[in-house]
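A closer look at the structure
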Amino acid sequence: MSHPIDRLYHGVHLARAESPPESRTAQLLKDGNPKVAKKVAEEATEVALDAVVADRDGVIRESADLLYNLMVLWVHMGITPSEIWAEMDHRESTLGLAGKMPKS
């Protein structure tokens, strides 16, 4: 498990299982889907706002926060990184490397 995403996902899973009272992650998971989803939206907005003003360091910091909150969302919803990678592989094989599914 050497990829940072895998380590982060594993760490979020551990926080959920152990649920230490001081853990921000465990509390966020306990707060439920609306709170977790709100955090993902907040962080995505912060990335976008830093990008608008060309704050490269801000985009890096906020992207790390976004990835953390995305991992919390995945754990909360029972989604594994391998499911996301499989979807990305599927899109690449059908639409090309930068493929995005057409909107219906």
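Residues numbered from 1 in each chain as written. Predicted model: local features only at pLDDT ≥ 70, side-chain atom pairs only at ≥ 80, totals over all residues. Heavy atoms only, no water.

**Quick word on the overall build of the chain**
This is how it is decided: Secondary structure is summarised from DSSP: a helix means a run of H or I of at least four residues, a strand means a run of E of at least two, and numbering begins at the N terminus for each. Relative accessible area decides the class of each residue, using a 1.4 Å probe on protein chains only: under 20% of the type maximum gives buried, over 50% gives exposed, and in between gives partly exposed. We get accessible surface area from the Shrake-Rupley algorithm with a probe of 1.4 Å; when it comes to residues, only the shown protein chains can shield them.
For the chain, the helix and strand inventory stands at 5 helices and 0 strands. For the chain, the N- to C-terminal ordering of α and β elements is α-α-α-α-α. Referenced to the eigenvectors of the C-alpha coordinate spread, the extents of the chain come out at roughly 45 × 35 × 30 Å. Within the chain, the proportion of its 104 residues that are buried is 26%. Accessible area for the chain stands at about 7000 Å²; split by element, carbon and sulfur atoms hold 60% of it.

**Thoughts on the pattern of salt bridges**
Definition in use: Every case where a carboxyl oxygen of Asp or Glu lies within 4 Å of a side-chain nitrogen of Lys or Arg is listed as a salt bridge.
Within the structure shown, the criterion is met by 4 salt bridges. Residue Lys38 is joined to Glu42 by a salt bridge in which the shortest nitrogen-to-oxygen separation is 3.8 Å. Residue Lys38 and its partner Glu42 are located together in helix H3 (residues 33–52), separated by 4 residues, close to a single helical turn. In this structure, the salt-bridge partner of Lys39 is Glu43, at a minimum N-O distance of 3.9 Å.

**Some points on the packing of aromatic side chains**
For clarity, the threshold we go by: Stacked, edge-to-face and tilted labels apply to pairs of Phe, Tyr and Trp rings (six-membered ring for Trp) whose centres lie within 6.5 Å, assigned for plane angles under 30 degrees, over 60, and everything in between, in that order.
Throughout the structure, instances matching the rule amount to 1 aromatic pair. Relative to Trp85, the ring of Trp74 lies with its centre 6.2 Å away and its plane at 80°, an arrangement referred to as edge-to-face. Taken together, the residues Trp74 in helix H4 (residues 56–77) and Trp85 in helix H5 (residues 81–95) connect sequence positions 11 residues apart. Trp85 sits in the partly exposed class, given a relative accessible area of 34%.

**Considerations on unusual backbone geometry**
Most peptide bonds are trans, and most residues other than glycine sit at a negative phi. In the Ramachandran plot, Ser19 falls in the positive-phi region, its phi being about 45° despite a non-glycine side chain. Its place among the elements puts Ser19 in the loop between helix H1 (4–18) and helix H2 (24–31). The phi angle at Ala54 is positive, at roughly 60°, despite the residue not being glycine. Tracing the chain through its elements places Ala54 in the loop between H3 and H4.

**Comments concerning the nonpolar core**
Operational definition: Residues grouped as a nonpolar core are buried Ala, Val, Leu, Ile, Met, Phe, Trp, Tyr and Cys residues, joined through side-chain atoms within 4.5 Å.
Counting 13 residues, the largest nonpolar core has Val12, Met71 and Val72 as its most contacted members. Mapped onto this core, the elements with two or more residues apiece are H1, H2, H3 and H4. At 6 residues, the largest contribution of residues to this core is made by H4.

**Some details on the environment of Glu22**
For Glu22, the position within the fold is in the loop between H1 and H2. Residue Glu22 is classed as exposed on the basis of its relative accessible area, which comes to 66%.

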